[in-house]
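# Fold and contact review
These are the residues of each chain, in order.
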Amino acid sequence: MTDQQRIGQAQWLVITAAFLGWMCAGVILGLFPLAVRPALLDLLAKPGDEVVGAWNGWINAAWLLGAALGGLSFGWLGDRIGRVRSMALAIGFFAIFTGLCYFASHPWHLVLFRFLGGMGIGGEWGLGVALVVEYWPDKLRPYMAGVIGAAANVGFLLIALLATVVHVTPDSWRWSMLAGASPLLLAIFVWFFVPESRRWQAAVRLKVSDLQQGVEKHPVKRSQPVREVLSPPLLKFTLLAIAFSTIPLVATWGGVSGFLPVWADQLAGPEHPEAKGVVQVVVSIGAIVGCLVAPVVGGKVGRRPVYFALCLLSLGICQFLFREWWSYGATFLLVCGVAGALTAAFYGWMPLYLPELFPTRVRATGQGLSFNFGRILTAFGAISTGQLVAFFGGSYPKACATITLIYIVGLVLIWFAPETKDRPLPD
């Protein structure tokens, strides 16, 4: 009986490690939107929101570029030395460099450490997803994709709940960064206790066997995973995966995740210092629901119609949300929660769909490169939103409403992709 047929201790260890790894990444991702404005107010002696918005754009761009490089680097490493050890290294990477933000004395220090920490975050996602889909049965993949997709948003929720009690201020933001080093403990656990993917081990043994027999049947596929995913016939799938990752990433980090808490802080004013934390709580709750539901629906009705529906609904809710008629209150928070559910549901859909495009020998590289290369393009979106905030005179909603029009591209592009519903995971 193979790992894909039975469920035992190994499967539970794998899903636990992958969930906790991506949850910790979510804590770090959620920490920066809460801490970046107080940090910049401290480091730059209370600048205007035009300056804060521009620096926030560069900080977001730095982590996105780092995540792109990390997705490629750690994905390649995962196909070479294994999913588990590479995932442990990735977790350690983002924990260490988040903690180092405590010592920042200039905004460029935050940009640098955010870039380096982003490398670990980008690497962890692809490795965790590859490990889970290679251990769990095909019929349960939609549910596991939902769990992985929701994990980061659980982290978002935890840090947001904490922020409603312990306010992140210009005087306290450094301690929140130091706490971001705590996932180092998880990295140690993963390294010593989580079992390696047997599908990956089998692929490695096959390569060694072929070499020993002097028969290298697939030289490119077995020795150069990056070249394979960037060459036909996989190139088409890689480009589509990049596009499908880029669209929600640009909209999310140029809107709901990247700038909504900052806008809420501006909207609520000093009378409600908890506002950014409360907004992140409702967005995170919505995101958890969206990530759990989207892959399950995708498993029943198909991957393409779900992506199309998510683009259409996300476009509508973002154009409704990012208008300047709002005041901080219950209705605003409700709409934020709905926006969180719809715009984050893509992150449950992607762990289901992207692994189905690549065979085992290059899966970590393929999905890591695709998801995280999208972040390179997303970095320009984050920078653009920051510049748009300045262009619109400090208006976060006008900038976000503009950047989220990218969902229109997804409405068309998804119909050029293959439908993988009811197909087994490629070997």
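Higher on the page you've got the structure.
Residues numbered from 1 in each chain as written. Predicted model: local features only at pLDDT ≥ 70, side-chain atom pairs only at ≥ 80, totals over all residues. Heavy atoms only, no water.

### Digging into the pattern of salt bridges
For clarity, the cut-off: Basic side-chain nitrogens of Lys or Arg form a salt bridge, by our definition, when they fall within 4 Å of a carboxyl oxygen of Asp or Glu. Accessible area is worked out with a 1.4 Å probe on protein chains only. A residue is then buried under 20% of its type maximum, exposed over 50%, and partly exposed in between. Only DSSP runs of H or I covering at least 4 residues are called helices, and only runs of E covering at least 2 are called strands; the numbering of each starts at the N terminus.
On inspection of all chains with the given rule, the structure shows ten salt bridges. One salt bridge in this structure joins Arg141 and Asp138, with 3.3 Å as the shortest N-O distance. Look at Arg141 and you get buried, because its relative accessible area is 5%. Overall, Asp138 belongs to the partly exposed group, its relative accessible area being 30%. A salt bridge links Glu356 to Arg303, with the shortest nitrogen-to-oxygen separation between them at 2.5 Å. Within this pair, whereas Glu356 is found in the loop between helix H16 (346–353) and helix H17 (363–391), its partner Arg303 is found in helix H14 (residues 303–321), the two being separated by 53 residues in sequence. Of the two residues, Glu356 and Arg303, both sit in the buried class. Within this structure, Asp79, Arg83, Glu134 and Arg363 form a network of salt bridges that share partners.

### Thoughts on the environment of Gly381
Among the secondary structure elements, Gly381 is positioned in helix H17. What makes Gly381 buried here is its relative accessible area of 6%. For the pair formed by Gly381 and Ala251, sequence separation is 130 residues and the distance between their alpha carbons is 7.9 Å.

### Points about the layout of surface pockets
Formally: For each structure, a 1 Å grid was placed over the protein atoms alone; sets of points admitting a 1.4 Å probe that cannot get out are labelled cavities, open sets with protein on both sides within 12 Å along at least five of seven lines are labelled pockets, and lining residues have an atom within 4 Å of a point. Grid points are joined across faces, edges and corners, and a volume is the space filled by probe spheres set on the points.
When its volume is computed, the largest pocket comes out at roughly 330 Å³. Taken together, 20 residues form the lining of the largest pocket, with Val27, Ile159, Leu162, Ser176 and Ala179 sitting closest to its centre. Among the secondary structure elements, those contributing two or more residues to the lining of the largest pocket are helix H1 (9–43), helix H5 (141–165) and helix H6 (173–179).

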